[in-house]
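# Commentary on secondary and tertiary structure
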Amino acid sequence: ARLDVLLIDEAGYLPLEPSPPNLLFRLISLRCERKAPVIITSNLGPDDLAAKMAAPEIAKSLRDRLLYRCVHIQIDGPSYREAQAKKRRQRKSPEG
């Protein structure tokens, strides 16, 4: 199926099985060749993400494809989920 946009959310959060070792690489390469958009969210930087998501022999090539024609947006700040949990705790607190 052709997808207008491929979204990979929380990439690197859970380890990928190494079998088949280059499936993700082939998918990203194909999207790159077609100039098809890929959105990846992760708490890892590009180097760490590629190393965690690919077999060592193709991690560098995957990193290159992830960064090719990309817009890298790094967001620093407090965790949204953590802030929401804190608000909920404060509302439930008898002092709050």
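Residues numbered from 1 in each chain as written. Predicted model: local features only at pLDDT ≥ 70, side-chain atom pairs only at ≥ 80, totals over all residues. Heavy atoms only, no water.

Of note in this structure, K35 is not a glycine but carries a positive phi near 55°. Here K35 lies in the loop between α1 (23–33) and β2 (38–40). For R69, which is not a glycine, the phi torsion comes out positive at approximately 55°. By the secondary structure assignment, R69 is in the loop between α3 (56–67) and α4 (80–92). (Helix = DSSP H or I, 4+ residues; strand = E, 2+ residues; numbered from the N terminus.)

Across soluble globular proteins, nonpolar side chains show a tendency to be buried alongside one another. In this structure, I8, L24, I28, M53 and L62 are the most contacted members of the largest nonpolar core, which totals 15 residues. Contributing elements (two or more residues each) for this core: β1 (6–8), α1, α2 (46–53) and α3. Ranked by residues supplied to this core, first place goes to α3 with four residues. Excluding its chain neighbours within four sequence positions, the residues that come into contact with L62 are L24, F25, I28, A50, M53 and A54. (Core = buried A, V, L, I, M, F, W, Y, C linked by side-chain atoms within 4.5 Å. Buried < 20%, exposed > 50% of the residue type's maximum accessible area, 1.4 Å probe, protein only. Contact = heavy atoms within 4.5 Å.)

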